[in-house]
Amino acid sequence: MDFGETGWGQLYHLINALVIPGWALLIFLPRSTVTAAVVHSMFYPALFGMIYVAGLCAAIFFGQSASGAGMSEIGGVMALFDHPNGIIIGWTHYLVFDLFVGAWIGRDAIRHAIPHYLVIPCLMGAFIFGPVGLLLYLLLRLMLRKKLLLQE
């Protein structure tokens, strides 16, 4: 059971499309009840978790993985990404964890009353480059904290 190149490509585009509304809500409607219900809930982790588990099951039980794939050596990890299913599994992993970090940034910024216009570049960084956005946000918090301490 192999999707073929077109099927794998369509699945890749689908999981990318599924995550866009979550990021849009974080960026454009950070305090909305819709954002709270969709992004700050179990919706995305559960949805992407199901996609992830389906991909793992396909790899383990239905041969949808490259030979030599594994996690005990670098060659095995490289082989994980030699099959389109490995790319889908890995990309799903990135998407859900990056959004999870973005959601945390959004909640933390609200909790610390950080102006949203300062948070948007951090969210964009987390969306596009994952840990870069988190690092930007942590630096922003640190700079604002020092600024607030100096003003007191």
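To start, this report covers the structure provided alongside it. What you see is a predicted model; the values in this text were computed from it and never measured.

### Quick notes on the overall build of the protein chain
Looking only at helices and strands, one finds 7 helices and 0 strands in the protein chain. Listed by position from the N terminus, the elements making up the protein chain come as α-α-α-α-α-α-α. Over its C-alpha atoms, taken along the principal directions, the protein chain stretches across nearly 65 × 35 × 20 Å. Here the protein chain holds 152 residues, and the buried ones make up 33% of them. If you take every contact in the protein chain between residues at least 6 apart in sequence, the share linking residues at least 24 apart comes to 60%.

### Let's talk about the nonpolar core
Trp-23, Phe-48, Leu-99, Val-119, Leu-123 and Tyr-137 are the most contacted members of the largest nonpolar core, which has 24 residues in total. Those elements that place two or more of their residues in this core are α1 (4-28), α3 (43-61), α5 (84-111), α6 (116-129) and α7 (131-151). Aside from chain neighbours lying at most four places away, what touches Trp-23 is Asp-98, Leu-99, Gly-102, Leu-123, Ala-126 and Phe-127.

### Here we look at the pattern of salt bridges
It is possible for side chains bearing opposite charge to pair when their charged atoms get close. Under the defined criterion, the tally for this structure stands at 2 salt bridges. Its salt-bridge partner being Asp-108, residue Arg-111 comes within 3.7 Å of it at the nearest N-O pair. Residue Arg-111 and its partner Asp-108 are located together in helix α5, separated by 3 residues, close to a single helical turn. Taking the relative accessible area as the measure of exposure, Asp-108 reaches 4% and is therefore buried. The partner of Asp-108 in a salt bridge is Arg-141, and the shortest N-O contact between them spans 2.8 Å. Of the two residues, Asp-108 is situated in helix α5 and Arg-141 in helix α7; the sequence distance between them amounts to 33 residues.

Criteria and cut-off values
Residues numbered from 1 in each chain as written. Predicted model: local features only at pLDDT ≥ 70, side-chain atom pairs only at ≥ 80, totals over all residues. Heavy atoms only, no water. Helix = DSSP H or I, 4+ residues; strand = E, 2+ residues; numbered from the N terminus. Buried < 20%, exposed > 50% of the residue type's maximum accessible area, 1.4 Å probe, protein only. Contact = heavy atoms within 4.5 Å. Core = buried A, V, L, I, M, F, W, Y, C linked by side-chain atoms within 4.5 Å. Salt bridge = Lys/Arg side-chain N within 4 Å of Asp/Glu carboxyl O.

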